[in-house]
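Chains, contacts and geometry: an overview
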Amino acid sequence: MAEIVLRDVRKSYGKNEVVHGVNLDIATGEFIVILGPSGCGKSTLLRMVAGLETITAGEIEIGGKVVNQMEPRERGCAMVFQNYALYPHMTVAENIGYSLKIAGVSKAKRRARVEEVAGPLGLSEFLDRKPGQLSGGQRQRVAMGRAMIREPRVFLYDEPLSNLDARLRVAMRVEIRKLHQRLGTTTLFVTHDQVEAMTLADRIVVMNKGVVEQVGAPSEIYNRPQSTYVAGFIGSPGLNMVSGTVDPAAGVVRLTDGQELAYDRERWPVVTPGPITAGFRAENVELSNVGLKGSFDFAEELGSARLVHGTVGDQMVVAHVDGQLHFEPGDPIQFKIDPSEVHLFDAASGRRLAGERSPMPARNEAARGLVKA
Amino acid sequence: MVERNPILDTFTHALLIISLIALLIPFWIVFVAASHDFHTVNQVPMPLWPGSHFFENISTAWVQGNFSRVMLNSMIVAVGVTGGKILIASLSAFSIVYFNYRLRTLMFWLIFITLMLPLEVRIVPTYAVAADVLRPYREILNLFGLSIGLPEWNMLNSYSGLILPLIATATGTFLYRQFFLTVPDELTEAAKMDGSGPIRFFLEVLLPLSKTNMAALATIMFVWSWNQYLWPLLIITDQAHYATATMQLQKVVPGPVFGDPPIWNIAMASNLIVLTPPVLVTILLQRWFVRGLISTDK
Amino acid sequence: MEKRATFSNLWLAAAFIAPQMLLIFTFFYWPTGEALYWAVSLEAPFGGSNEWVGWLNFQTVFSDPKYWDSVRVSLLFALSSTALSLGIAVLLALFVDRRLAGHQVYKFTFFLPYALAAPAVGLAFRFIFSPDAGFVSAVNRIWPGLWNPAFNGNDAFIMIVLAQAWMMVGYNFIFFLAALQSIPRTVSEAGAMDGAGVLRRMWDIQLPLITPTLFFLIVINITDSFVNSFGIVDITTGGGPARATEVMVYKIYFDGFRGKDYSLAAAQSIVLMLLIIALTFIQFRFIERRVHYS
Ligand SMILES: Nc1ncnc2c1ncn2[C@@H]1O[C@H](COP(=O)(O)OP(=O)(O)OP(=O)(O)O)[C@@H](O)[C@H]1O
Ligand SMILES: [Mg+2]
């Protein structure tokens, strides 16, 4: 059952439209991450669900009811803000228990519930402190406690981890995931950090400039980016992308300098000849004495491996290489690219080419290859 | 935020609009009263719509109150106080913030304390000093047994008497100090590397950077000094030459007891003349005025 | 706070600070010290040697019931005008901060009265509230003799309180609004998510968070009421009727400059200064420390 439904949701500030018609169905208990660069409208979308922004056009439904005209408190959502937004003049216990106080819960019951929530968050000893006397991580937990105590039907998080240092961020990520496993509450989580998105999400919503580019499970987003935008945004480094002209008869993409890049014709049986963008992951590129001829630019050391940056014609290519290498800038090298891992995108629109056979993850295709052999 | 509160929204609008009217109505009444003839203005209830005698009343009030002269005096005082304040405040703040000497904390506190006591609560002794400005120094010299004859310098009935005591507070110094403290050290270091000395740095870096502060301070100080009343009233006895605009208000009021029929239309016309410059300044420079209010805390 | 990069030319430092120091020495510290001296001595201030009399002047002042009347009037004036204008200003600021349509208009009109000189306000209010002309006199048509600040001390007192409150509302409003706007928007939003309505959020979240501003304004308003009261009182009531509006500054002026009794005036000035210093001290020491959020 869909817990949250967004139908052509739009938001304008004055004449300036910043969210251009978002459609989304979120199942009960799902953990959805909204991922996108700064300013793409993620927060705006989340805040429309929360009731903190009015909805300019379209409809939002929560638990089967259209909530457009409902006030935040009626929607059953709880939110964790990026800067935590704790009440500075209240103690931790008062912060966490404030919603119960408003609901008219008695003082004794409130205290009991607060302690119940604070325990697992490790806040029991801080209950009588003010937020000003807490560390960043502790504040973050208070904000989570304040959201949890309401037992909401939906959790909303707006970049809750971005003010923490790297180690704490990883630790809190794990806790948020655990919390979700324990409570099973439908969750909307906004971030611009793709690692956070990949590790937390059941499904990721990739946004760009107020438009949803793709919705899918993390592996699907990674393995089948639906647009050059998603392809470039997801993964580190993003998908290599080169432009050229496709020749379906030969099963190759002819690059601007005339070299040919083979793709899997069984995967893309129907392709109209013409300009195209081809993409491939750095992991699927090997340095070899066959393949695209190019030159070495520089290498990035990753410890266990290296990212080799080179140029083919006038286009940049990155390869993920395990072995040691000894190249000088300008040295000729060759990039061998696995044809079954080449993605094709329309050159004009940037969308993934339609008519792709077997929308299975790449690993399965490799397995099929083995069976054939 | 999505909030459905039609009743509260109506209440909000009603409250704000009524308050706005209540706050502005005195201005309107002053204006209306200034536009009627003597007979009409004394009617009960008074007319709430302006009459046709506005310019006539203003020009009568102008001549009666000697406003050509006193407006000029007020302007001289306001400009003098504002300019002097900015000059002295920026210099002393620069000294306190940008030079490292042992007495500077003491200096800071000496200046800071003056924020506490406005001129009005210490008028009696200040008046005595103004009557003979060098007396403190003469007495100090006497204390050390030196009898150097310092001349008498009487500031009563003079522009300097109107201006200097008003400059002797910490308002601007404090504002400048706060601002200088926010200027990054790197800027000073860069200027030093470029070979610029303190005076160059002050003139070419700090002053241009503090333009907005200066505008805010100037607006506030102008209005504040224009509105001074008690001090000019005390030290100016030569009213023909040195009276300021606000002092003229005392003359249009009928004696301390409500007795003979007051000439309200002329009184209100005079009031309008006196209040126009500060009101105009605050309206035209409202951005600076508000900013100055908040950052000077007087 | 200290600067890391400073200049070392001490002569220059001294030259820059000298004008300010000369001014505050001549017009602040010397007169204040002299007021202390006069307060404990007798005889005219100009020439002639003063005679040490210790607490005598203070005793004279304190044993005069008229002085205590002026203290009572001043404090009552300070407290009621401060309470009135702060109350109205905080209400206005809270509702303007709701940012309904047109809220920008208020921001730049409410403070206009603050631009006026105290005597100008006094003159306007004297006309508006005069018993036989002006705006309020109409009530005397309906209930003859109901309102007469010329003869009724309470009416006169109400009139000067209103004048002072009217002047200060806009000033207080600006500070309250700035304080409200410095509360992060998300804190109010968190309140809304927690189920608090508009009025509840004002009470539980916004008001507690602007208490530091409130205490700061209380001190400023009280000090200001001592200062402004002269201009207002001098023009509206001249301290009357029957000393009902004789505030401390007005009495000092009267005793010192009309009565030429500088010693008495100085003793009164000292009391007033101590009062203001005590207020400022309370503000800094206790209140600011207790209600400070980081
Ligand atoms: N109150 C507002 N008025 C006008 N424009 C706004 C307002 N709030 C947001 N915007 C605009 O809407 C767009 C989306 O803003 P939003 O806060 O949703 O971005 P975001 O994706 O959350 O970015 P970030 O990662 O930086 O938080 C931005 O271009 C922003 O400038
Ligand atoms: Mg955001």
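This is a predicted model, so every value here is computed, not measured.

The next thing to look at is the UniProt feature "domain: ABC transmembrane type-1" (unreviewed entry) in chain C. The residues that UniProt annotates with the feature "domain: ABC transmembrane type-1" (unreviewed entry) are residues 71-283 of chain C. Counted over residues 71-283 of chain C, helix gives 73% and strand 0%. Its end C-alpha atoms are 21 Å apart.

Residue and element names in this part refer to chain A. Close contacts around ligand 1 come from Y13, V18, P37, S38, G39, C40, G41, K42, S43, T44 and E159, and that covers them all. Contact between ligand 1 and G39: an oxygen atom at 2.7 Å from a main-chain N or O atom of the residue. One of the side-chain nitrogen or oxygen atoms of S43 is found 2.5 Å away from an oxygen atom of ligand 1. In isolation ligand 1 has 640 Å² of accessible area, and contact with the protein removes 58% of it. With 3 residues, helix α1 (residues 42-50) is the largest single contributor of residues to the shell around ligand 1. Its residues assigned to classes, the shell around ligand 1 comprises 4 nonpolar, 5 polar and 2 charged.

With that out of the way, let us pick up the pairing of strand β12 (residues 252-255) of chain A. Residues and elements named next belong to chain A. Where strand β11 (residues 240-247) lies against β12, 4 bridges are found, and the strand directions are antiparallel. Counterpart to V246 in the pairing with β12 is V253. Hairpin connection from β11 to β12: 4 residues lie between these consecutive antiparallel strands, with G251 at a positive phi of about 70°. Here 3 bridges tie β12 to strand β13 (residues 260-262), and the two strands are oriented antiparallel to one another. Bridge pairing in β13 places V253 opposite L261.

Frequently, the measure chosen for interface size is the accessible area that the parts lose on association. What the domain assignment reports for chain A is domain 1 (4-223) and domain 2 (239-368). Each of domain 1 of chain A and domain 2 of chain A has a C-alpha centre, and the two are 39 Å apart.

Within the secondary structure layout, S99 of chain A lies in helix α2 (residues 92-102). Apart from residues no more than four positions distant in its own chain, S99 of chain A is found in contact with I149 and R150 of chain A together with D194 of chain C.

Next up on the list: the confidence of the model for chain A. All names here are of chain A. Model confidence for chain A is summarised by a mean pLDDT of 89, while 95% of its residues fall at 70 or above. Confidence, read as mean pLDDT per element, is least for helix α9 (residues 362-372) in chain A (40) and greatest for strand β3 (residues 31-35) (96). Throughout residues 362-373 the model reports pLDDT below 50, and contacts reaching past four residues in sequence, or to other chains, amount to 9 contacts.

Cut-offs applied
Residues numbered from 1 in each chain as written. Chains lettered and ligands numbered in written order. Predicted model: local features only at pLDDT ≥ 70, side-chain atom pairs only at ≥ 80, totals over all residues. Heavy atoms only, no water. UniProt positions renumbered as here; feature names shortened; annotations may be inferred. Helix = DSSP H or I, 4+ residues; strand = E, 2+ residues; numbered from the N terminus. Near = heavy atom within 4 Å. Polar contact = N/O pair within 3.5 Å; in protein donor to acceptor, adjacent residues only side chain to side chain. Areas by Shrake-Rupley, 256 points an atom, 1.4 Å probe, with all protein chains shown as cover. Nonpolar A, V, L, I, M, F, W, Y, C, P; charged D, E, K, R; others polar. Pairing = 2+ DSSP bridges. Domains from an automatic or database assignment. Contact = heavy atoms within 4.5 Å. pLDDT = per-residue confidence, 0-100.

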